[in-house]
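Inside the fold
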Amino acid sequence: MEIISSPYDMQQWAGAYRQSGRRLGLVPTMGYLHDGHLSLVRTAREQGRCDAVVMSIYVNPTQFAPHEDLAAYPRDFERDKALAESVGTDVVFYPDNHAMYPPYAQTFVEVTEMTKTMCGRSRPTHFRGVTTVVAKLFHIVQPHVAVFGQKDAQQFFVLRRMVNDLMIPVELIMAPIIREPDGLAMSSRNVYLNPQERKEALCLSQSLAIAKNMFDHHETCAAAIRDAMSRHILKYPTARLDYIALVETERLTDVQTLQKGHLIALAVFIGNTRLIDNIIL
Ligand code: AMP
């Protein structure tokens, strides 16, 4: 496995690889890898989607607000390297801030509307950071396919909008959410949870199971499902609801009546840790 830190070297490598007629996949991450991240590398390789996988590991400062956990975000590059290699990653792209945001950089990529709802309400600058860094990664790595997790469903749909709007020649793949045995969606931020919070963090996946069960029993009223979910979350003393959204996935607008393909997503503070989870019906 190769480690490349310079965007220029990465571009050269990717250009030569593409020239040889082989297909390149990209898995962007912020590191502190878990099985969710590793599943994305496997998905990239499935069905002959690509011949080589580049995983980027970069904690992107522009997607954190000043009061958020940029400095505290967990990092362990030695461990990440071993894990990336264990699933057959070909190249880890590991740039630093100076390389990704050279002095005087002032160009951002912004998806204007779908980023104002859901996570965008409490994190108004977050998606601008995500779309900017992913656009840079697409130009640096020039992948044929890029794999993202359903865990960050809004991110996926925002990136799909960006790719369509800017006509970027890359195929986006959404990989399923990988969970702990008790249902908690894997996340690098789960390490922030103390034992009590770790138990109460189950309220996210449990409330989604309640929603799914209601829908499977022919309940399609979004308000009724949202009510049942928030009543469940309120039972947990360390939980504070940020939002529950029941939306269609093209523009992320609220729906009144649920149908197959709609997204139910939520964000909950468990103590000081903000967790997200979702299902697509
Ligand atoms: P992050 O390092 O949190 O920025 O995540 C990098 C990529 O991994 C994103 O596409 C996430 O959606 C994806 N991801 C994170 N957690 C999971 C999970 N539990 N299951 C599947 N994909 C995940």
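1. Considering the nonpolar core
- Among the nonpolar cores identified, the biggest contains 47 residues, and Phe138, Met162 and Leu172 are the most heavily contacted of them.
- Counting residues per element, this core draws most heavily on helix 6 (residues 126-141), at nine residues.
- Setting aside chain neighbours within four positions, we find Leu172 in contact with Phe138, Ala146, Phe148, Phe156, Leu159, Arg160 and Val163.
- Judged by nonpolar contacts, the second largest core, of 26 residues, contains Leu208, Ile225, Val255 and Ile279.

2. Thoughts on the packing of aromatic side chains
- Counted under the stated rule, the structure contains four aromatic pairs.
- Centre to centre, the rings of Trp13 and Tyr17 are 5.1 Å apart; their planes meet at 5°, and the pair counts as stacked. Residue Trp13 and its partner Tyr17 are both found in helix 1 (residues 7-19); the two are separated by four residues, about one turn of the helix.
- Residue classification places Tyr17 among the buried residues on the basis of a relative accessible area of 9%.

3. A closer look at the environment of Glu113
- When you line up the elements, Glu113 lands in the loop between helix 4 (97-100) and helix 5 (119-122).
- Judged by its relative accessible area of 51%, Glu113 falls in the exposed class.
- Expressed as a C-alpha distance, the spacing of Glu113 and Thr253, which sit 140 residues apart in the sequence, is 9.9 Å.

4. As for the packing of helix 1 against helix 6
- At their nearest, the axes of helix 1 and helix 6 sit 7 Å apart, and the two run at 50° to each other. It follows from the interaxial angle that helix 1 and helix 6 lie oblique. Every residue of helix 6 that contacts helix 1 at Pro7, Met10, Gln11 and Ala14 is listed here: His139, Ile140 and Val141.
- Looking at the contact of helix 1 with helix 6 residue by residue, the classes come out as five nonpolar, two polar and no charged.

5. Some words on the packing of helix 6 against helix 7 (residues 153-165)
- Axis separation between helix 6 and helix 7 bottoms out at 10 Å; the angle between their running directions is 55°. The orientation of helix 6 relative to helix 7 falls into the category oblique. In the crossing of helix 6 with helix 7, the sense of the turn from one axis to the other is right-handed. Here Phe127, Val130, Thr131, Val134, Ala135 and Phe138 of helix 6 lie close against helix 7, whose contacting residues are Gln154, Gln155, Val158, Leu159, Met162 and Val163.

6. Thoughts on a nonpolar patch on the surface
- Residues Met1, Ile3 and Tyr94 make up a contiguous nonpolar surface patch of about 230 Å² in total accessible area.
- As for its placement among the helices and strands, Ile3 is situated in strand 1 (residues 2-4).
- Residue class for Ile3 comes out partly exposed when judged on its relative accessible area of 35%.

7. So, the site of the ligand
- Near the ligand lie 17 residues; those nearest to it are His37, Gly149, Asp152, Ile178 and Met186.
- Taking Asp152, its side chain carries an N or O atom lying 2.6 Å from an oxygen atom of the ligand.
- At 2.9 Å from a nitrogen atom of the ligand is found a main-chain nitrogen or oxygen belonging to Met186.
- The protein chains hide 92% of the 490 Å² of surface that the ligand would expose on its own.
- For the shell around the ligand, the leading source of residues is helix 2 (residues 35-45), giving three residues.

8. Digging into helix 1
- An ideal rise of 1.5 Å per residue puts 18 Å on 13 residues; helix 1 measures up with 18 Å between its terminal C-alpha atoms.
- Here helix 1 has its buried residues at Pro7, Met10, Ala14 and Tyr17. Looking down the long axis of helix 1, one finds its buried residues gathered within 90° of arc, a one-sided arrangement. Residues of helix 1 that are exposed and point over 90 degrees away from its buried face: Tyr8, Ala16 and Gln19.
- Packed against the buried residues of helix 1 are strand 1, strand 2 (24-29), strand 3 (52-57), strand 4 (91-93), helix 4 and helix 6.
- Looking one or two places after helix 1, you find Gly21, whose phi comes out positive at around 85°.

The rules behind each value
Residues numbered from 1 in each chain as written. Predicted model: local features only at pLDDT ≥ 70, side-chain atom pairs only at ≥ 80, totals over all residues. Heavy atoms only, no water. Core = buried A, V, L, I, M, F, W, Y, C linked by side-chain atoms within 4.5 Å. Buried < 20%, exposed > 50% of the residue type's maximum accessible area, 1.4 Å probe, protein only. Helix = DSSP H or I, 4+ residues; strand = E, 2+ residues; numbered from the N terminus. Contact = heavy atoms within 4.5 Å. Phe/Tyr/Trp six-rings, centres within 6.5 Å; stacked < 30°, edge-to-face > 60°. Axes fitted to C-alpha atoms, helices over the stretch in contact; angles between N-to-C directions. Parallel < 35°, antiparallel > 145°, perpendicular 65-115°, else oblique. Nonpolar A, V, L, I, M, F, W, Y, C, P; charged D, E, K, R; others polar. Left-handed = near helix turned anticlockwise from the far one by under 90°. Patch = residues over 30% accessible without salt bridge, like charges linked within 9 Å, V, L, I, M, F, W, Y side chains within 5 Å. Areas by Shrake-Rupley, 256 points an atom, 1.4 Å probe, with all protein chains shown as cover. Salt bridge = Lys/Arg side-chain N within 4 Å of Asp/Glu carboxyl O. Near = heavy atom within 4 Å. Polar contact = N/O pair within 3.5 Å; in protein donor to acceptor, adjacent residues only side chain to side chain. Expected span 1.5 Å × (residues − 1). Arc of directions from axis to C-beta.

So far we have only geometry, and geometry alone does not tell us how the molecule works.
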